[in-house]
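# Structural overview
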Amino acid sequence: MASHEHDPTNRRDFLTMAGLGFAAVGGAATLWPFVHQMNPDASTQALASVEIDVKGVKEGQAITVMWRGKPVFIRNRTKAEIEQAAKVQIAELRDDRARNDKLPDATTATDANRVVKGRENWLVLVGVCTHLGCVPKGQSLSDAKGDFGGWFCPCHGSHYDMSGRIRKGPAPRNLEVPPYEFVGDSKIKIG
Amino acid sequence: MSGHESTYVAKSRFAKFMDDRLPIARMMHGQFVDFPTPRNLNYMWTFGGILMFCLVTQLVTGIVLAMHYVPSAKDAFDSVEAIRRDVNYGWLIRNIHAVGASMFFLAVYLHIFRGLYYGSYKAPREVLWILGVFIYLAMMATAFLGYTLVWGQMSFWGATVITNFFSAIPVVGTKVTEWLWGGYAVTGVTLNRFFALHYLLPFVITGLVVLHIWALHVAGQNNPTGLDVKSKMDTLPMTPYAVMKDIFALAVFVTLFVWFVFFVPDYLGHADNYNEANALVTPPHIVPEWYFLPFYAILRAVPSKLGGVLLMFAAVAILAFVSWLDTSRVRSTKYRPIYRWFFWLFTFTCLALGYLGSKPAEGWYVVWSQIFTAYYFLHFLVVMPVVGLIETPKKLPRSIAESVLGANYGGGAGAMAGATAAPEKR
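All values derive from a computational prediction rather than experimental measurement.

### Some details on the interface of chain A and chain B
In this complex, chain A contributes 26 residues to the contact, which on the side of chain B involves 26 residues. Between chain A and chain B, the buried area comes to about 2,300 Å², and carbon and sulfur atoms account for 63% of it. The largest share of the area that chain A buries against chain B comes from Met38(A), Leu132(A) and His156(A), three residues that together contribute 27% of it. In this structure, the connection of chain A to chain B is made through zero salt bridges. Taken together, the links from chain A to chain B amount to seven residue pairs in polar contact (both at pLDDT 80 or more). Secondary-structure elements contributing two or more residues to the side of chain A that touches chain B are helix 2 (42-46), strand 2 (62-67) and strand 3 (70-76) of chain A. Taken together, the residues of the side of chain A that touches chain B sort by class into 12 nonpolar, 10 polar and four charged.

### Regarding the pattern of salt bridges
Residue and element names in this part refer to chain A. Taken as a whole, this structure holds 17 salt bridges over all chains when the rule is applied. Taking the shortest distance from any N to any O, the salt bridge between Glu 92 and Arg 167 comes out at 3.5 Å. Taken together, the residues span a long stretch of sequence, with Glu 92 in the loop between helix 3 (79-86) and strand 4 (122-126) and Arg 167 in strand 7 (residues 166-168) at a distance of 75 residues. For Glu 92, a relative accessible area of 45% gives the class partly exposed. Between Arg 97 and Asp 96 there is a salt bridge, and its shortest N-O distance comes to 3.9 Å. Taking relative accessible area as the criterion, Asp 96 reaches 38% and is therefore assigned partly exposed.

### Re the packing of helix 3 (residues 47-66) of chain B against helix 9 (residues 188-219) of chain B
All names here are of chain B. It is the contact of helix 3 with helix 9, at a shortest axis distance of 11 Å, that shows an interaxial angle of 155°. Judged on the interaxial angle alone, helix 9 and helix 3 are roughly antiparallel. Helix 9 is crossed by helix 3, and the crossing has left-handed handedness. Counted together, Met 52, Leu 55, Leu 59, Ile 63 and Ala 66 of helix 3 and Phe 195, Tyr 199, Pro 202, Phe 203, Ile 205, Thr 206 and Val 209 of helix 9 form the full contact between these two elements. Tallied by class, residues from the contact of helix 3 with helix 9 come to 11 nonpolar, one polar and no charged.

### Focus on the domain arrangement of chain B
Residue and element names in this part refer to chain B. Split by domain assignment, chain B resolves into domain 1 (21-280) and domain 2 (287-392). When each unit is reduced to the centre of its C-alpha atoms, the spacing between domain 1 and domain 2 is 22 Å. Across the boundary between the two partners, domain 1 contributes 41 residues, which contact 34 residues of domain 2. The three residues of domain 1 that bury the most area against domain 2 are Tyr 117, Lys 122 and Phe 165, which together make up 21% of that side's buried surface. The interface formed by domain 1 and domain 2 contains two salt bridges. For Asp 326, the salt bridge is made with Lys 122, and the minimal N-O distance between the two is 3.7 Å. Where domain 1 meets domain 2, there are 14 residue pairs in polar contact (both at pLDDT 80 or more). Of all the elements, helix 6 (residues 126-149) adds the most residues to the side of domain 1 that touches domain 2, at 10 residues. Taken together, the residues of the side of domain 1 that touches domain 2 break down into 28 nonpolar, nine polar and four charged.

Cut-offs applied
- Sequence order as written defines residue numbering, which begins from 1 separately in each chain.
- Each chain takes a letter, starting from A, and each ligand takes a number, starting from 1, following the order in which they are written.
- pLDDT decides what is reported in this predicted model: residues at 70 or higher carry local features, side-chain atom pairs at 80 or more are listed and counted, and totals for whole chains, interfaces and linings draw on all residues regardless.
- Excluded from the side-chain calculation are hydrogens and water; included are all heavy atoms of the structure.
- Only heavy atoms matter for contacts: two residues are in contact if any of them lie within 4.5 Å across the pair.
- Put simply, buried area is the surface a 1.4 Å probe can reach on two separate parts but cannot reach once they are joined, added for both.
- Salt bridges are defined as contacts in which a side-chain nitrogen from Lys or Arg sits within 4 Å of a carboxyl oxygen from Asp or Glu.
- For this analysis, a polar contact is any N or O atom pair within 3.5 Å, provided that within protein one partner can donate a hydrogen and the other can accept it, and provided that sequence-adjacent residues contribute only side-chain to side-chain pairs.
- In this text, helices come from DSSP runs of H or I with a minimum length of four residues, and strands from runs of E with a minimum of two, each type numbered from the N-terminal end.
- Residue polarity follows a fixed list, in which Ala, Val, Leu, Ile, Met, Phe, Trp, Tyr, Cys and Pro are nonpolar, Asp, Glu, Lys and Arg are charged, and the others, Gly among them, are polar.
- A simple rule labels every residue: compare its accessible area, found with a 1.4 Å probe on the protein chains alone, to the largest value its type can have, and call it buried under 20%, exposed over 50%, or partly exposed in between.
- Axis angles are defined between N-to-C directions and span 0 to 180 degrees, where every axis is a line fitted to C-alpha atoms and, for a helix, only to the segment in contact.
- By definition in this entry, angles of less than 35 degrees are roughly parallel, angles greater than 145 are roughly antiparallel, angles of 65 to 115 are roughly perpendicular, and the rest are oblique.
- In this scheme the handedness of a crossing depends on how the near helix is turned from the far one: anticlockwise by less than a right angle means left-handed, clockwise means right-handed.
- Residue ranges assigned to the domains are those given by an automatic or database domain assignment.

Pasting the structure below:
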C-alpha cells in the first residue's frame with residue numbers, strides 16, 4: 001500500500017471536493033427560484049375551474065368557453081353523430097388512448113371513454129389542436145369540419161372526428177377531454 | 001490579424017496619458033484603421049458593416065419604442081397603434097424598427113451565403129463561423145419575440161405555434177411549454193416576459209458580435225480567391241480602402257431600407273396582424289415573417305410533430321458543422337467546377353422552401369416541400385463531403401496580389417501601383 005505522503009487523495013483534495021460540492025448545491029438552490037418564477041403563478045392556478053350552463057345548447061349545436069386561457073368546446077351531439085363516433089374501431093385510430101383527464105392514461109379511445117356515462121350526447125374537449133396549438137374549425141355550422149365530420153385545424157391540416165379523435169394530419173394525439181362533471185341537470189363544471 | 005501591430009502614434013498629451021493607461025485608441029486604430037484587409041475584397045464583403053448598422057438601428061429605435069410601448073394583453077395592441085398615430089414621429093421610428101428587422105435578415109442571409117460560397121467557414125475560421133451561427137439563432141429568437149409584442153392575430157398565433165414546438169419534447173414537453181407561457185396558454189403573462197427577453201437579447205447579440213469580430217481579426221478576412229494572405233502585397237489598410245467600399249454599399253442598402261420605410265412600410269408584414277389578438281379564433285392561414293418561411297416549410301414537410309420540429313431545428317444547427325462537412329482542399333467555390341452547380345442548387349432550394357412555406361400545407365406543395373427538404377440536408381450531409389473529395393479544383397492564382405494585379409506585377413514599384421488600383425478589379 002502507498003504511504004500516506006503518496007496517497008493521491010489527501011485531505012486537501014477532500015476539502016476542495018467538499019467545498020465545490022457545497023457551492024454547486026448552493027448555486028442550484030439559488031437558481032431554482034429564478035427558474036420557478038416563470039411557472040404559472042397562484043392567480044393563474046386559482047382560475048383553474050369554471051361552471052357553464054348548457055341549457056341553451058340544442059342538439060347539434062356547440063359552444064366555446066374559456067378555461068385556463070384555452071378554448072373548450074362543448075357540443076351537444078345528435079344521435080347519428082354519437083352512433084357514427086361509437087362504431088369506429090380502435091384499430092382505425094391514429095392515437096388509441098382516450099386522453100380523458102379523469103381516466104387513467106392507458107384507457108382506450110372508445111367514444112364511451114371520452115364522455116360521461118348517461119350523458120353521451122355531451123362532448124367536452126379542450127379546443128386546442130395537439131399539433132401546435134391552433135384552435136380547430138368546426139364549432140359553427142358554416143365551418144369546414146374536415147374529412148371525418150368533427151373538427152379541422154386550418155394551420156397544418158389535422159382532421160378530428162365526432163369524438164375529437166385525430167384521424168388524419170400531423171397532430172399526434174386526440175383532443176384532450178378536460179376534467180369535468182355535471183352539477184345539476186344543465187350545468188357543467190370544468191376543472 | 002494576429003501579429004499585426006497598431007501603427008498608432010499618440011500625439012497630444014491627453015492621448016499619451018490615455019495610451020499608457022487604457023490604450024483603446026491604439027486598439028481601434030490597429031483593428032479598424034490600418035488593419036490589413038485583402039486587396040481583392042468584393043461587394044459581398046460589405047455586409048459585415050451593414051449588419052453592424054442594422055444592429056445599432058434596431059437598438060436605438062427599439063429603446064425609443066420601449067418608452068411608449070405597454071407590454072400588457074389589454075394595452076399592447078393599442079399602444080402600438082398609438083405609437084403610429086399619436087407619438088411624435090412614432091410612425092417613423094416604428095416603421096424603421098419593423099422594416100429594420102426584415103432588412104437585418106436580408107443582410108444576414110447575403111452574409112451567410114457569401115460565407116458559404118467563398119468557404120469562409122473553413123480553417124482557421126471555424127470558431128468565427130460558429131459564433132455567426134449563434135448570432136443568427138439569437139437574431140431569430142429576438143425577431144420572433146419582437147413580432148409577438150405587436151399582439152395582433154399573427155403575433156398571438158405565431159407565438160402559440162412556435163412555443164408549442166417545445167411541447168413536442170417527450171415526457172416534459174407540456175411542463176416546459178407551460179413554464180415558457182407562465183400559464184396554460186399564451187396570455188398577457190407570456191407577453192410581459194417576451195418583452196423583457198426581447199429587450200435583453202439584442203445585448204446578447206452585441207456581445208456575440210464583439211466575439212465574432214474578435215475572431216475575425218485573429219484569423220483575418222477570407223477573400224474571393226480563398227487564398228491566405230502571404231505578403232504585404234496582398235493587403236491594403238482597412239481605412240480608407242475597405243471602409244470607402246463599405247460606406248458606398250451601406251448607402252445603397254439604406255436607400256432600399258428607407259424606400260420600404262416611407263413607401264411600403266407594411267409590405268413585409270401581414271394584414272391579419274392589424275386585428276387584435278383573439279385566443280378563440282385562429283386565422284385561416286398562419287404564416288411567419290418571410291425570413292422564417294424556409295424553416296416553416298421544413299416543419300410542415302414532415303407528417304410527424306416531433307419529427308418536423310427536430311428537422312427544423314436541425315436545419316439551423318447543421319450550419320454549425322459545415323467547417324467539418326466540407327472536405328474540399330480549396331475554400332472558394334469560384335475554383336470548384338462541380339461544387340459550384342450544387343451551391344446554386346442549394347440557393348434555389350432555400351428560395352423554393354421559402355416560397356413553399358408561404359403556401360398552404362396541402363397537395364403538391366407538401367410533396368415539393370419534402371423534395372426540397374431532402375435536398376437541403378443532402379447538400380450538407382452528402383454533397384459537401386463527397387464533392388470535396390472527388391472534384392479537381394481549377395488552377396488557383398499564386399497569390400491574392402496576382403489575382404488583382406496579374407502575374408507580372410513588379411516588386412517595389414508594384415506596391416505603389418497596387419495601392420492605387422481598384423481592389424475589386426480582378
